[in-house]
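Fold and geometry: a report
The residues making up each chain are set out below.
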Amino acid sequence: KLIVQMIYLPYVAAFCEGLALGENMGIPFDRLFSVLIKSSAGQPGFEKRYDHLKAGDLTPRFEVDMAVKDLTLACELFAEIELPGYIATAAQTAYHRASNAGFGQSDLIAIRSALLKKS
C-alpha cells in the first residue's frame, strides 16, 4: 500500500499544481482540465474529481494530513534502505505546505486551492 501511495500522491500533487499554475496564468478551468485530462498527464481517476475540483469542494475522500503521514513513512523507508526518494520527498513537502496553510483535514485536491492566487 505504501508504494502505491508513494506513486499516486505525487501524481495528484503534480496534477493539482499544474491546474493551479494554468489558472493563475488566466487559463479557464474547464479548458485547462479538458486539455490535461486528454493528454499524457491525464488519469481516469481525475475525471471522477472534476465536479469537486470545479466547485472547490474539499470534502475529504483522502485527507491531506493522511498523505503527509503516508509520504513521511515512505521517506523514512527510503532513508532506511539508503535511497534518496526525491519524488516522495517533494510530494511530502507539497502536502505538508498545504496542511500548514489550513488544508490538513481537506481532500488531496486542496493542493490546488492552496496555490490559487486570491483575487
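Before reading on, note that the structure itself is shown above.
Conventions we followed
- Residues numbered from 1 in each chain as written.
- Predicted model: local features only at pLDDT ≥ 70, side-chain atom pairs only at ≥ 80, totals over all residues.
- Heavy atoms only, no water.
- Core = buried A, V, L, I, M, F, W, Y, C linked by side-chain atoms within 4.5 Å.
- Buried < 20%, exposed > 50% of the residue type's maximum accessible area, 1.4 Å probe, protein only.
- Helix = DSSP H or I, 4+ residues; strand = E, 2+ residues; numbered from the N terminus.
- Contact = heavy atoms within 4.5 Å.
- Expected span 1.5 Å × (residues − 1).
- Phe/Tyr/Trp six-rings, centres within 6.5 Å; stacked < 30°, edge-to-face > 60°.
- Axes fitted to C-alpha atoms, helices over the stretch in contact; angles between N-to-C directions.
- Parallel < 35°, antiparallel > 145°, perpendicular 65-115°, else oblique.
- Left-handed = near helix turned anticlockwise from the far one by under 90°.
- Salt bridge = Lys/Arg side-chain N within 4 Å of Asp/Glu carboxyl O.

Membership of the largest hydrophobic core comes to 32 residues, with the highest contact counts inside it found for Phe15, Leu19, Phe33, Phe46, Leu53, Tyr95 and Ile111. Elements supplying a minimum of two residues to this core: helix 1 (2–24), helix 2 (29–38), helix 5 (64–80), helix 6 (86–103) and helix 7 (110–115). Apart from residues no more than four positions distant in its own chain, Tyr95 is found in contact with Leu9, Val12, Ala13, Val64, Ala67, Val68, Leu71, Leu108 and Ile111.

Another aspect to go through is helix 1. One full turn of an α-helix is made of 3.6 residues, so residues set three or four places apart face in the same direction. Taking 1.5 Å per residue as the helical rise, helix 1 with its 23 residues ought to reach 33 Å, and the 32 Å between its terminal C-alpha atoms agrees with that figure. The complete set of buried residues in helix 1 reads Gln5, Met6, Leu9, Pro10, Val12, Ala13, Phe15, Cys16, Leu19, Ala20, Gly22 and Glu23. At its buried positions, helix 1 is contacted by helix 2, helix 3 (44–47), helix 4 (50–55), helix 5, helix 6 and helix 7. Among the residues trailing helix 1, Gly26 stands out with phi positive, at a value near 95 degrees.

So, about the packing of aromatic side chains. On inspection of all chains with the given rule, the structure shows seven aromatic pairs. Here the aromatic rings of Tyr11 and Phe15 are separated by 6.0 Å at their centres, their planes lie at 45 degrees, and the arrangement is tilted. With Tyr11 and Phe15 both in helix 1, this residue pair falls four residues apart, about one helical turn. The class of Phe15 is buried, set by a relative accessible area of 4%. Summarising the aromatic geometry, the rings of Phe29 and Tyr50 are spaced 5.8 Å apart at their centres and angled 35 degrees between planes, so their arrangement reads as tilted. Pair noted here: Phe29 is in helix 2 and Tyr50 is in helix 4, with a separation of 21 residues, a long-range link.

Turning our attention to the packing of helix 1 against helix 6. Helix 6 packs onto helix 1 with a crossing angle of 55 degrees between their chain directions and a minimal axis gap of 9 Å. Here helix 1 is positioned oblique relative to helix 6, judged by the angle of their axes. Classified by chirality, the crossing of helix 6 by helix 1 is left-handed. Taken together, the residues of helix 6 that come into contact with helix 1 (itself represented by Met6, Leu9, Pro10, Val12, Ala13 and Glu17) are Ile87, Ala88, Ala91, Ala94 and Tyr95.

Let's shift gears to the environment of Gly85. Relative to the elements of secondary structure, Gly85 occurs in the loop between helix 5 and helix 6. Between the alpha carbons of Gly85 and His52 there is a distance of 30 Å; along the sequence they are 33 residues apart.

Tallied over the entire structure, the rule returns six salt bridges. For Arg49, the salt bridge is made with Asp107, and the minimal N-O distance between the two is 2.3 Å. Highlighted residues: Arg49 in the loop between helix 3 and helix 4 and Asp107 in the loop between helix 6 and helix 7, separated in sequence by 58 residues. Here the two residues Arg49 and Asp107 agree in accessibility, since each one is buried. Where Asp70 meets Lys69, a salt bridge forms, and the shortest distance between an N and an O atom there is 2.8 Å. In this structure Asp70 comes out as buried when scored by relative accessible area, which is 4%.

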